[in-house]
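In case you want the letters, here they are:
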Amino acid sequence: MERIADMSDVRLDLYAKLTDVQLRSHMESENGFFVAESAKVASRALDAGYEPISLVVPEHRLARERALVERFEAIPDADVFAVPGEQLQTLAGYEVTRGVLAAMRRKPLPSLNELLKGATRVAVLEGITNHANVGSVFRNAAALGVDAVVVSPDCSDPMYRRAVRVSMGTVFQVPWTRIEGDGGSWLEPAMEDLRAAGFETCAFALHDESVDLGDERLSGIGRLAMFFGTEGTGLAQATIDACDHVVKIPMREGVDSLNVAATSAVAFWGLRSRGVR
């Protein structure tokens, strides 16, 4: 472990300027690493086999985070930096409420065909740009028996620090992949792969043809992919048209929808496979 007082130290560049969205996107995606916030999330990343680059701990939390520090110190080439607590916000550009920051290397994403092997319930996220909602969907998926998550090309990064934090590290538990493509070009090949793997598909949308979540036509489906869209515009019409079923959650008059995080939780439970209790 090394103490660093100068926040301009080049070894801290991975954590700097995290408020700059473009820089953050470039650094975290193209350079193959992500930032985990909090000891619990960093520990879960290690448990899931992610390779650590470095750990930054405020000096006043060194005793509290001793177990995590020792885990990092035991890994060759992983650095541990102690910094003055009041300087951590200056470094990150935001208030770090969970104590520590850890930079970890990403793993290669599987192909969709690889992801679908052995899965019976899959969530497909189309164009969801709210990081907290993405993280919440992963947490719901981990809790309620969804085997994998697929994200569209324009969906927020599940490994973005806020998504990771909101998910409580479950993004490391639930297998996922991103479909490549521009605009709607991703949809047709994704549908082909899903159908070739024996999946039926359902779109969650308010639509003239929507059936209630409890409709008997949805019971007993062996392999099911559930599509969720962004709040406001929802799923693209082409996606709705391509799905085998269009589903809605019945609600009291005066309320037409839940946010996507809540919708996913209700949907995952309502359409869970028989092996989930």
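Everything discussed here concerns the structure shown above.
Notes on the structure in this doc start here. Owing to the predicted nature of the structure, the values given are computational and were not obtained by experimental measurement. Think of each chain on its own: its residues are numbered from 1, step by step along the sequence as written. Per-residue local features of the predicted model are confined to residues with pLDDT of at least 70, and side-chain atom pairs are confined, for both listing and counting, to 80 or more; whole-chain, interface and lining totals are unaffected and use all residues. Derived side-chain values reflect all non-hydrogen atoms in the structure, with water molecules and hydrogen atoms excluded from consideration.

1. Thoughts on helix α10 (residues 260-270)
Link 1 in the chain: Only protein chains enter the calculation, and the probe is 1.4 Å; a residue is then buried if its accessible area is under 20% of its type maximum, exposed if over 50%, and partly exposed in between. Helix and strand labels come from DSSP, where a helix needs a run of H or I of at least four residues and a strand needs a run of E of at least two; each type is numbered from the N terminus. Within α10, the full set of buried residues consists of Val-260, Ala-261, Thr-263, Ser-264, Ala-267 and Phe-268. Down the axis of α10, the sector holding all buried residues measures 155 degrees, keeping them to one side.
Link 2 in the chain: Where the residues of α10 are buried, they touch β6 (121-126), α6 (131-143), β9 (200-204) and β11 (224-229). Here the arc refers to the set of directions running from the helix axis out to each C-beta atom. Residue contacts are defined here by distance: any two heavy atoms, one from each residue, within 4.5 Å place the two residues in contact.

2. Overview of the packing of helix α2 (residues 39-47) against helix α3 (residues 66-73)
Between two packed helices, both the angle of their axes relative to each other and the distance between the axes serve to describe the pair.
Link 1 in the chain: Direction vectors running N to C along α2 and α3 enclose 35 degrees, while the axes themselves pass 10 Å from each other. Seen along the crossing, α2 lies across α3 with a hand that is left-handed. The segment α2 lies against α3, with Ala-39, Ala-42, Ser-43, Leu-46 and Asp-47 engaging Leu-68, Arg-71 and Phe-72.
Link 2 in the chain: Each residue gets one of three labels, nonpolar for Ala, Val, Leu, Ile, Met, Phe, Trp, Tyr, Cys and Pro, charged for Asp, Glu, Lys and Arg, and polar for the others, Gly among them. Its residues assigned to classes, the contact of α2 with α3 comprises five nonpolar, one polar and two charged. Angles shown run from 0 to 180 degrees and are taken between the N-to-C directions of axes, each axis being a line fitted to C-alpha atoms and, for helices, limited to the stretch in contact. Helix crossings are classified by the rotation of the near helix relative to the far one: an anticlockwise turn of less than a right angle makes the crossing left-handed, while a clockwise turn makes it right-handed.

3. Focus on the sheet that holds strand β2 (residues 33-37)
The pairing of strands in a sheet comes from backbone hydrogen bonds and takes either a parallel or an antiparallel form.
Link 1 in the chain: Any two strands between which DSSP finds at least two bridges are classified as paired. Pairing within the open sheet is mixed, and its five strands lie in the order β1-β4-β3-β5-β2. The open sheet has two edge strands, β1 (2-3) and β2, and neither has a second partner.
Link 2 in the chain: Note that β2 and strand β5 (residues 101-105) share five bridges and pair antiparallel. Bridge pairing in β5 links Val-35 to Ala-103.
Link 3 in the chain: In the packing of α3 onto the sheet, the strands contacted are β3 (52-58), β4 (79-83) and β5, and the crossing angle to β3 comes to about 150 degrees.

4. So, the pairing of β9
Link 1 in the chain: For β9, a buried count of four out of five residues is recorded, marking the element as mostly surrounded by other parts of the structure.
Link 2 in the chain: When β9 meets β11, the two strands line up parallel, connected through four bridges. Bridge pairing in β11 places Glu-200 opposite Leu-224.
Link 3 in the chain: Judged from the three bridges that link them, β9 and strand β12 (residues 245-248) form a sheet pairing that is parallel. Paired with Ala-203 across the strands is Val-246, a residue of β12.

5. Describing the pairing of strand β7 (residues 148-151)
Link 1 in the chain: Taking every second residue as pointing to the same face, both faces of β7 are buried, with Ala-148 and Val-150 on one and Val-149 and Val-151 on the other.
Link 2 in the chain: One ladder, built from four bridges, connects β6 with β7; its direction is parallel. From the neighbouring strand, Val-124 faces β7, where its bridge partner is Val-150.
Link 3 in the chain: The handedness of a crossover follows from its direction of travel: if, with the strands pointing away from the viewer, the path from the first strand over the helix to the second runs clockwise, the crossover is right-handed. With respect to chirality, the unit in which β6 leads through α6 into the neighbouring parallel β7 is right-handed.
Link 4 in the chain: Pairing geometry for β7 and strand β8 (residues 176-178), over three bridges, is parallel. Each bridged residue has a counterpart across the sheet, and for Val-149 the counterpart in β8 is Trp-176.
Link 5 in the chain: Each parallel crossover has a hand, and for β7 linked through helix α7 (residues 161-166) to β8 it is right-handed.

6. Some points on the sheet that holds β11
Link 1 in the chain: Ordered by their spatial adjacency, seven strands build an open sheet running β8-β7-β6-β11-β9-β12-β10, and the pairing between neighbours is parallel. The open sheet has two edge strands with one neighbour each: β8 and β10 (211-212).
Link 2 in the chain: Across the sheet, helix α8 (residues 187-196) lies against β9 and β11, angled at about 155 degrees from β11, the strand it touches most.

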